Amino acid sequence: MNRDLCVYAGSFDPVTTGHLDIIRRGAAIFPRMIVAILCNPSKKGAFSMEERLSMLKKSCADLPNVSFDSFDGLLADYLRKKEAGIILRGLRNFSDFESEFQMAQLNRQLNPDIETFFLMASPEHVFVSSSAVREIAMFGGDISPYVPAHIAEEVARKLRPIK
Ligand code: COA
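Below or above, wherever it landed, is the structure these notes cover. Residue indices follow the written sequence of each chain, beginning from 1 at its first position. This being a predicted model, a pLDDT of at least 70 is required before a residue's local features are given, and a value of 80 or more before pairs of side-chain atoms are given or counted; all residues contribute to the totals for chains, interfaces and linings. For side-chain calculations, the full set of non-hydrogen atoms in the structure is used, while hydrogens and water are omitted.

Re the site of the ligand
Here comes step 1: Near the ligand there are 21 residues, and of these S11, L75, R89, S130 and S131 occur at the shortest range.
Here comes step 2: In protein, a polar contact requires one atom able to donate a hydrogen and another able to accept it; more generally it is a pair of N or O atoms within 3.5 Å, and residues adjacent in sequence count only if both atoms are side-chain atoms. One nitrogen or oxygen atom from the main chain of V128 is found 3.1 Å from a nitrogen atom belonging to the ligand.
Here comes step 3: Protein contacts shield 77% of the accessible area of the ligand, which totals 950 Å² for the unbound molecule.
Here comes step 4: Strands here mean DSSP runs of E at least two residues long; helices mean DSSP runs of H or I at least four residues long; both are numbered from the N terminus. The set of elements that each furnish at least two residues to the shell around the ligand consists of β1 (2-10), α1 (17-27), α4 (94-110) and α5 (130-138). We call a residue near a molecule or strand as soon as one heavy atom of that residue lies within 4 Å of the molecule or strand. Residue-level accessible areas treat just the shown protein chains as cover; the underlying method is Shrake-Rupley with a 1.4 Å probe.

Okay, structure coming up:
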């Protein structure tokens with residue numbers, strides 16, 4: 001297993017400044033990172049897989065050691081397939097800690113070669129989530145503090161205000 005390669009997985013529906021905080025800081029620690037979008041057929045997101053991928057690529061264009069992919073099934077199996085040794089996760093608060101603690105233990109049982117590496121979210125991002133961004137945009141609020149500048153207009157246009 002390659003400890004130089006980490007995987008940062010999520011739904012990214014859409015990517016937020018909080019995700020970008022973790023991606024940037026992780027990319028400064030690990031030589032290589034795959035940002036992997038969970039492809040969940042039973043959960044229809046607001047954005048298509050292609051849109052999510054394109055928004056991630058635009059937001060991380062200045063990070064040469066970061067690549068992008070999508071996956072389905074277990075994250076532990078995806079890491080095995082990619083021969084990656086590290087799952088990167090962000091922690092925003094205690095409730096994240098509870099669920100992340102469980103997920104890290106389960107992932108390690110599913111694939112004992114994996115270590116989960118946590119970064120504390122920067123304080124300005126602890127309240128950000130993709131569903132909050134979607135809701136603010138749907139009601140015509142300003143999402144610019146919560147999504148990368150490159151994609152703010154695209155997100156706002158797609159989730160046009162409810163009249
Ligand atoms: N900054 C801002 N927002 C963040 C964040 C951060 N640092 N970290 C998480 N979030 C947000 C996400 O945008 C998401 O928002 P939403 O629920 O409003 O859409 C929410 O917090 C939950 O994020 P996360 O826990 O990362 O969920 P996810 O759906 O994005 O990704 C996977 C979860 C993909 C990592 C997980 O479901 C998985 O591994 N699935 C594969 C199946 C599997 O292996 N299951 C067994 C695991 S034990």
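Section: the pattern of salt bridges
Here comes step 1: The rule for a salt bridge is simple: a side-chain nitrogen of Lys or Arg has to be within 4 Å of a carboxyl oxygen of Asp or Glu. Taken as a whole, this structure holds eleven salt bridges when the rule is applied.
Here comes step 2: Its salt-bridge partner being D62, residue R24 comes within 3.1 Å of it at the nearest N-O pair. With a gap of 38 residues between them, R24 in helix α1 and D62 in the loop between α2 (49-59) and β3 (66-71) connect regions that are remote in the sequence.
Here comes step 3: A relative accessible area of 34% places R24 in the partly exposed class.
Here comes step 4: A salt bridge links D69 to K82; its shortest N-O distance comes to 3.6 Å. Separated by 13 residues along the polypeptide, D69 in strand β3 and K82 in helix α3 (residues 75-82) bring together distant segments of the chain.
Here comes step 5: Judged by relative accessible area, K82 falls into the partly exposed class, the value being 31%. Note on classification: 1.4 Å probe, protein chains only; a residue is buried when its accessible area is under 20% of the maximum for its type, exposed when over 50%, partly exposed between these limits.

Examining the sheet that holds strand β4 (residues 84-91)
Here comes step 1: One requirement defines pairing of two strands: DSSP has to find at least two bridges between them. The strand order across the open sheet formed by five strands is β3-β2-β1-β4-β5, and the pairing between neighbours is parallel. Strands at the two margins of the open sheet, each flanked by one partner only, are β3 and β5 (115-120). Averaged over all neighbouring strand pairs, the angle between strand axes comes to 35 degrees, with direction disregarded.
Here comes step 2: Bridge count for β1 against strand β2 (residues 32-38) is six bridges, and the pairing is parallel. By the bridge assignment, V7 is partnered in β2 with I34.
Here comes step 3: Contacts are assigned to residue pairs with any non-hydrogen atoms lying within 4.5 Å of each other. Each axis is a line fitted through C-alpha atoms, and for a helix only the stretch in contact is used; angles between axes span 0 to 180 degrees, taken between their N-to-C directions. The sheet strands contacting α4 are β4 and β5, and the helix crosses β4 at an angle near 170 degrees.

As for the side chain of E100
Here comes step 1: Of note, E100 is situated in helix α4.
Here comes step 2: Excluding its chain neighbours within four sequence positions, the residues that come into contact with E100 are R89, L91 and F118.

Some remarks on the environment of P64
Here comes step 1: Tracing the backbone through its elements, the reader meets P64 in the loop between α2 and β3.
Here comes step 2: Look at P64 and you get exposed, because its relative accessible area is 80%.
Here comes step 3: Taking the C-alpha atoms as reference points, P64 and G45, 19 residues apart in sequence, are found 28 Å from one another.

Notes on α2
One full turn of an α-helix is made of 3.6 residues, so residues set three or four places apart face in the same direction.
Here comes step 1: Within α2, the full set of buried residues consists of R52, M55, L56 and S59. One side of α2 holds all its buried residues, which, seen down the axis, span an arc of 100 degrees.
Here comes step 2: Where the residues of α2 are buried, they touch α1, β2, β3 and α6 (152-158). Taking the helix axis as origin, the arc is that swept by the directions to the C-beta atoms.

Some remarks on α4
Here comes step 1: One fewer than the residue count of a helix, multiplied by 1.5 Å, yields its expected span. For α4, which comprises 17 residues, the first-to-last C-alpha distance of 24 Å matches the rise-based estimate of 24 Å (1.5 Å per residue) to within 8%.
Here comes step 2: Of all the residues in α4, the buried ones are D96, E100, A104 and N107.
Here comes step 3: The secondary structure elements touched by the buried residues of α4 are α3, β4 and β5.

What about the environment of D21?
Here comes step 1: With respect to the helices and strands, D21 occurs in helix α1.
Here comes step 2: Given a relative accessible area of 10%, D21 falls into the buried group.
Here comes step 3: In contact with D21, other than residues within four places in its own chain, are A121, S122 and H125.

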